[in-house]
Protein chains: 2
Amino acid sequence: MVPTPAARRHQDSAFIRACRSLPVPRVPVWFMRQAGRALPEYRAARGAGSILDAIARPDLVAELTLQPVTRYGTDAAIFFSDIVVPAAAIGFGVDIAPGTGPVVERPFRSKEDLQRLRPLDPEADTPYVLEAVRLLAGELAVPLIGFAGGPFTVASYLVEGGPSRNFTKVKGLMHGDPALWQALIARLTDLSLASLRSQLDAGASAVQVFDSWAGILAPHHYEALVLPATRRLFGELADSHPGVPTILFGVGTGELLPLMATAGSTVVGIDWRVPLDDARRRVGPAVAVQGNLDPALCLAGPEVAAAETRDVLARAGTAPGHIFNLGHGVLPETDPAVLEHVAHVVHTEGVAGVGATT
Amino acid sequence: MVPTPAARRHQDSAFIRACRSLPVPRVPVWFMRQAGRALPEYRAARGAGSILDAIARPDLVAELTLQPVTRYGTDAAIFFSDIVVPAAAIGFGVDIAPGTGPVVERPFRSKEDLQRLRPLDPEADTPYVLEAVRLLAGELAVPLIGFAGGPFTVASYLVEGGPSRNFTKVKGLMHGDPALWQALIARLTDLSLASLRSQLDAGASAVQVFDSWAGILAPHHYEALVLPATRRLFGELADSHPGVPTILFGVGTGELLPLMATAGSTVVGIDWRVPLDDARRRVGPAVAVQGNLDPALCLAGPEVAAAETRDVLARAGTAPGHIFNLGHGVLPETDPAVLEHVAHVVHTEGVAGVGATT
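What you are looking at is a predicted structure, and each value in this text was computed from that prediction instead of being measured.

### Structural notes on the overall build of chain A
Piece 1. Each helix and strand counted, chain A has 17 helices and 9 strands in total.
Piece 2. The C-alpha radius of gyration of chain A comes to 19 Å, within 12% of the 21 Å expected for a compact globule of 358 residues.
Piece 3. Expressed as lengths along the three principal axes of its C-alpha atoms, the size of chain A is roughly 55 × 45 × 45 Å.
Piece 4. Classification of the 358 residues of chain A by burial places 63% in the buried group.

### Regarding the pattern of salt bridges
Charged atoms that come close allow side chains of opposite charge to pair.
Residue and element names in this part refer to chain B.
Piece 1. Using the criterion set out here, one finds 30 salt bridges over all chains in the structure.
Piece 2. Here R26 makes a salt bridge to D75, at a shortest N to O gap of 3.5 Å. Of this pair, R26 sits in the loop between α2 (14-19) and α3 (40-46) while D75 is found in the loop between α5 (58-72) and β1 (77-78), placing the two residues 49 residues apart along the sequence.
Piece 3. Residue classification places D75 among the buried residues on the basis of a relative accessible area of 10%.
Piece 4. Its salt-bridge partner being E236, residue R232 comes within 3.4 Å of it at the nearest N-O pair. Taken together, the residues span about one helical turn, with R232 and E236 both in helix α13 (residues 227-240) at a distance of 4 residues.
Piece 5. Classification of R232 by relative accessible area gives partly exposed; the value is 27%.

### A look at the packing of aromatic side chains
Residue and element names in this part refer to chain B.
Piece 1. Tallying each qualifying case throughout the model produces 12 aromatic pairs over all chains.
Piece 2. Taken together, a centroid distance of 6.0 Å and an interplanar angle of 75° make the contact between F210 and F249 edge-to-face. A residue pair is termed long-range when its members are at least 10 positions apart, and F210 in strand β5 (residues 206-210) and F249 in strand β6 (residues 246-249) qualify at 39 residues. Neither F210 nor F249 differs from the other in exposure class; each is buried.

### Brief notes about the relation of the copies chain A and chain B
Piece 1. Rotating chain A by 180° about the axis while translating it 0.0 Å along that axis superimposes it on chain B, leaving an RMSD of 0.0 Å. What we have between these two chains is a two-fold relation.
Piece 2. With an isologous cut-off of 70% or more, the 100% of interface residues of chain A that recur at the interface of chain B puts this contact in the isologous class.

### A word on the interface of chain A and chain B
Piece 1. Between chain A and chain B, the contact holds 32 residues from the first and 32 residues from the second.
Piece 2. Taken together, both faces of the contact between chain A and chain B bury some 2,500 Å²; the carbon and sulfur share is 55%.
Piece 3. Contact with chain B buries surface across chain A, with A:T168, A:E255 and A:R273 losing the most and accounting together for 22% of the total.
Piece 4. There are 4 salt bridges connecting chain A and chain B.
Piece 5. Of the charged contacts, one joins B:D294 and A:K171 as a salt bridge, the two residues approaching to 2.5 Å between their closest N and O atoms.
Piece 6. Where chain A packs against chain B, one counts 12 residue pairs in polar contact (both at pLDDT 80 or more).
Piece 7. Listing elements by their share of the side of chain A that touches chain B, those giving two or more residues are α10 (168-176), α12 (219-225), α15 (276-283) and α16 (302-316) of chain A.
Piece 8. Here the side of chain A that touches chain B is built from residues that sort into 13 nonpolar, 8 polar and 11 charged.

### With respect to the sheet that holds strand β4 (residues 144-149) of chain A
Residues and elements named next belong to chain A.
Piece 1. If you trace the 7 strands from one edge of the open sheet to the other, you get β1-β4-β5-β6-β7-β8-β9, paired in parallel fashion. Bordering the open sheet on either side are β1 (77-78) and β9 (322-326), each of which pairs with just one other strand.
Piece 2. Contacting β4 and β5 (206-210), helix α11 (residues 178-202) crosses the sheet at an angle of about 170° to β4.

### Remarks on the packing of helix α15 (residues 276-283) of chain B against helix α16 (residues 302-316) of chain B
When two helices pack together, their arrangement is given by the angle between the helix axes and by the axis-to-axis distance.
Residues and elements named next belong to chain B.
Piece 1. Two numbers describe how α15 lies on α16: the axes approach to 7 Å, and their chain directions differ by 35°. In the crossing of α15 with α16, the sense of the turn from one axis to the other is right-handed. Across from L276, D277 and R280 in α15, the residues of α16 making contact are V312, R315 and A316.
Piece 2. Residues belonging to the contact of α15 with α16 are distributed by class as follows: 3 nonpolar, no polar and 3 charged.

### Describing the nonpolar core
Piece 1. Residues B:F15, B:F108, B:F152, B:L158, B:W181 and B:Y222 are the most contacted members of the largest nonpolar core, which totals 130 residues.
Piece 2. The biggest single contributor to this core is helix α11 (residues 178-202) of chain B, with 11 residues.
Piece 3. Apart from the residues lying within four places of it in its own chain, the contact partners of B:F108 are B:F92, B:D113, B:L114, B:L117, B:L158, B:V159, B:L173, B:L180 and B:L184.
Piece 4. Grouped together as the second largest cluster of nonpolar side chains are 129 residues, A:F79, A:F234, A:V251 and A:A343 included.

### Regarding the pairing of strand β4 (residues 144-149) of chain B
Residue and element names in this part refer to chain B.
Piece 1. Burial runs high along β4: 6 of the 6 residues are buried.
Piece 2. A two-sided burial pattern is seen for β4, the buried positions comprising L144, G146 and A148 on one face and I145, F147 and G149 on the other.
Piece 3. Sheet analysis places β1 next to β4, joined by 2 bridges and oriented parallel. Within β4, the position partnered with I78 by the bridge is I145.
Piece 4. As paired strands, β4 and β5 are joined by 5 bridges and run parallel to one another. Looking at the pairing, A148 lines up with V209 of β5.

### Some details on helix α17 (residues 336-349) of chain B
Residues and elements named next belong to chain B.
Piece 1. For α17, with 14 residues, the first-to-last C-alpha span of 20 Å sits near the 20 Å given by 1.5 Å per residue.
Piece 2. Among the residues of α17, those classed as buried are P336, V338, L339, V342, A343, V345, V346 and H347.
Piece 3. Taken together, the buried residues of α17 touch α3, α5, β8 (288-293), α16 and β9 (322-326).
Piece 4. Put simply, D335 is the residue that caps the front of α17, since its side-chain oxygen is 2.9 Å from the backbone nitrogen of A337.

Parameters and conventions
- Residues numbered from 1 in each chain as written.
- Chains lettered and ligands numbered in written order.
- Predicted model: local features only at pLDDT ≥ 70, side-chain atom pairs only at ≥ 80, totals over all residues.
- Heavy atoms only, no water.
- Helix = DSSP H or I, 4+ residues; strand = E, 2+ residues; numbered from the N terminus.
- Rg over C-alpha atoms; globule rule 2.2 N^0.38 Å.
- Buried < 20%, exposed > 50% of the residue type's maximum accessible area, 1.4 Å probe, protein only.
- Salt bridge = Lys/Arg side-chain N within 4 Å of Asp/Glu carboxyl O.
- Phe/Tyr/Trp six-rings, centres within 6.5 Å; stacked < 30°, edge-to-face > 60°.
- Least-squares fit on C-alpha atoms with pLDDT ≥ 70 in both.
- Contact = heavy atoms within 4.5 Å.
- Buried area = accessible area lost by both parts, 1.4 Å probe.
- Polar contact = N/O pair within 3.5 Å; in protein donor to acceptor, adjacent residues only side chain to side chain.
- Nonpolar A, V, L, I, M, F, W, Y, C, P; charged D, E, K, R; others polar.
- Pairing = 2+ DSSP bridges.
- Axes fitted to C-alpha atoms, helices over the stretch in contact; angles between N-to-C directions.
- Left-handed = near helix turned anticlockwise from the far one by under 90°.
- Core = buried A, V, L, I, M, F, W, Y, C linked by side-chain atoms within 4.5 Å.
- Expected span 1.5 Å × (residues − 1).

In structure tokens form, the structure reads like this:
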């Protein structure tokens, strides 16, 4: 599969080059959840309907995806969607409750529930996703990042029935019925793989896999029960879409970083708990890093956010392979002016890879 | 200050020796929140009243503290109380809402709120605590662990107004008004110090400082904004009560362990995310470790819990200085039979320090 013309157009962009650990003229920046409630233009465009309804409207999705690129001048756009979209699209019965998150009508409990997880046919099940990606790929001046959920995180929603504090049900399944666990994450990995491939075919230039909650696991459990499926996901993606930049992200993953670095992605996302110099040591020189400003500090005013941004840039150093981002998603209460300022500081002061061109 | 007769009585116990990294005949075990809703005898004795009311009844507190020692055969008792008790006792206006946690009527917002944090006079403000400790110290066959909250965690409740997900308000205060932050945690450190000293004087044999949520901070922020107060806490405690074993605990602290190991406690608690062999390397040989079975795995049945218990024991190795515990508190849904089994496995198979006597 060759890159689509849209994706190919961005091959020399700072974002794509940084994902490949190539030198860049300036550190690229984007923000997880940059399209969202922090932006007044988002709230105005979205109105009060369900987020799953919004996701199904390609014109609206394109608008919401573009808004932060215009506002902040980010070096990449993240597709406006949600990691439960594929499961919802095949009829598993998932909604997204405002202020809560995914809510599953009949959580995954037993072998019989596997039947409710048929393969995703992206053209038939999520045509609105593909239409929106195509719209965006034609319009965007920066690369579009497609995304999907990582196997543990999607499984946690389906098994717990929603967001969880202690993840007892999904851990109970992983350890109590390892065969069923493997069958479950095999299907979820296939769902994510099909969705990612379809987004890339429609014009996305890179993809991020959000295994956001994997950090709740001890490293030896992540290694035995989650990493193999994650490796298959990136491996099969590389087979069908060789050379496409891929990012693997989760929070609280300090202990998992050396393992995540072997999953096959070109970039590993780092939350704010691990200093980037440490993170670089843990993932090794072959993998780029993305992060890692604490999103909570963007609520402490522009001076604090700017000082912390400079600290992140300093710890990242001048070696290539750093994409600036927050350590987790933009918080809804964030003042967009602070993020504008952060992006400005990164663009004017971030020099990763510049020193390495010689 | 010499140890009370009750505290002195337990100096050769496995728990106290392990806290001091001395060889022990068998690995000692206790469970954070071992006194609590997982036990039917707790639910029967407690009834439906407010937990702060229960904490103010010495006879009930003594009974609840003893229950898990009898049931599980633990090597230590943890005093039944809550980390917000000192702040509540001086009238800051803190309640504990069932199923939610601490709720603060008027959260800490500005310099004026410092006036609401007067020093604790344990005999006058928390006589019920001292009476219960004295009752227990006379009765217990194992050491009693007193406790207090760590400066960040108590501050987070007072500033956020209750449990928090993103800790934005407390981080905003730390970074936005460092002088007020220092004034706040100085007072909270004094509160905890006064409470811990009074518990030790009344007969507790050791103390644990729960800075449970410190792991939400980046290491350089913990080091600059929390560690100095924590060092003062343990330093002043060592001045007044030399030789008393002390434990510093938090969750998600993988990145903070090398710093926490310098706070002056004799033991550092480890959650389940860091394998104990790694944790030992991070804290160094001078500090004992406590942990670190994932409490969620106690809900996956006795076989899974036993296998994980053996894994913890194996990673802890045979060097002295390991107290077996969970990586966080007992979850309310836990079957007590599983914890009985875990304690049995530790007692029959845990050999830390045995090999080191020669």
